[in-house]
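Close look at the chain arrangement
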Amino acid sequence: MRQTVTDQELIREAMEARKMAYTPYSHFQVGAALLTAGGKVYRGCNIENAGYTPSNCAERTAFFKAVSQGEREFTAIAIVAGKEGEELIHTAPCGVCRQVMMEFCEPETFRILLASSPEDYEEWTLERMLPLGFGPKNLA
Ligand code: THU
């Protein structure tokens, strides 16, 4: 039977993921929890690099973990972010991460939760966050 994961649970997963953030340069720590259509959750954190550009965002870490495990269908992602030791602030994904979402998610239905706690979050769709996005359908 398919397990249902609540928004609150998904946000808690993102908060756990954020604890693994590797951020010696920005000290800005991000956690993401990506929900598959089958009800599994993949966590991701940002991972920085002394070379700066090889750094990876939390959202893409979660997507690449999931896709590399054979997942292709996703319904939601929760994101939490904030400076190390400071309170969480609603933070939207960068443009590169939105484009990665566009590759694997239905823009009209994929939900993006920007959270500062399990109770305090705003909900977006990918379509609203990346209007007129270019995706696989454009090449079909
Ligand atoms: N970052 C993310 O992980 N996700 C976002 O949505 C925005 C930015 C990371 C990248 C970098 O490690 C740090 O936050 C500062 O940009």
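Above: the structure in question.
Below or above, wherever it landed, is the structure these notes cover. Sequence positions are assigned chain by chain, starting from 1 and proceeding in written order. Only residues with pLDDT of at least 70 are given local features in this predicted model, and only at 80 or more are side-chain atom pairs given and counted; all residues enter the totals for whole chains, interfaces and linings. Hydrogens are left out, water is left out, and the side-chain values use all remaining heavy atoms of the structure.

**Some thoughts on the sheet that holds strand E5 (residues 121-125)**
By way of backbone hydrogen bonds, the strands of a sheet pair with one another, either parallel or antiparallel. Within the open sheet, the five strands sit side by side as E2-E1-E3-E4-E5. Their pairing is mixed. Unpaired on one side and paired on the other, strand E2 (41-45) and E5 mark the two borders of the sheet. Taken pair by pair, the neighbouring strands of this sheet meet at an average axis angle of 20°, ignoring direction. Strands pair, by our definition, only if DSSP identifies at least two bridges between them. Note on conventions: DSSP H or I runs of at least 4 residues are helices, E runs of at least 2 residues are strands, and numbering of each starts at the N terminus. Inspection of the sheet shows strand E4 (residues 111-115) paired to E5 by five bridges, in the antiparallel sense. In the strand pairing of E5, Ala115 is matched with Tyr121. The contact criterion used is simple: two residues touch if any of their non-hydrogen atoms lie within 4.5 Å. Axis geometry follows a simple rule: fit a line to the C-alpha atoms, using only the stretch in contact for helices, then measure angles between N-to-C directions, giving values from 0 to 180 degrees. Packed onto the sheet, helix H2 (residues 58-68) meets strand E1 (28-36), E2 and strand E3 (74-83) and runs at close to 140° relative to E2.

**Digging into the site of the ligand**
Neighbouring the ligand are Ser26, Phe28, Val30, Asn46, Glu48, Cys57, Ala58, Glu59, Ala92, Pro93 and Cys94. Within the backbone of Ala58, an N or O atom sits 2.9 Å from an oxygen atom of the ligand. Per-residue and other accessible areas were derived by the Shrake-Rupley procedure at a 1.4 Å probe size, with only the shown protein chains allowed to occlude residues. Protein coverage of the free-state accessible area of the ligand, which is 370 Å², stands at 77%. For the shell around the ligand, the secondary structure elements donating two or more residues are E1 and H2. Throughout, the term near means that a residue has one or more heavy atoms lying within 4 Å of the molecule or strand in question. Under this definition, polar contacts are N or O atom pairs within 3.5 Å; protein pairs additionally need one hydrogen-donor-capable and one acceptor-capable atom, and for neighbouring residues in sequence, both atoms have to be side-chain atoms.

**Some points on unusual backbone geometry**
In this structure, His27 takes a positive phi of about 60° despite not being glycine. If you trace the backbone, His27 turns up in the loop between helix H1 (7-18) and E1. Only protein chains enter the accessibility calculation, which uses a 1.4 Å probe; a residue whose area is less than 20% of its type maximum is buried, one above 50% is exposed, and one in between is partly exposed. Overall, His27 belongs to the partly exposed group, its relative accessible area being 35%. Positioned with a positive phi, Tyr52 is a non-glycine residue whose angle comes to about 60°.

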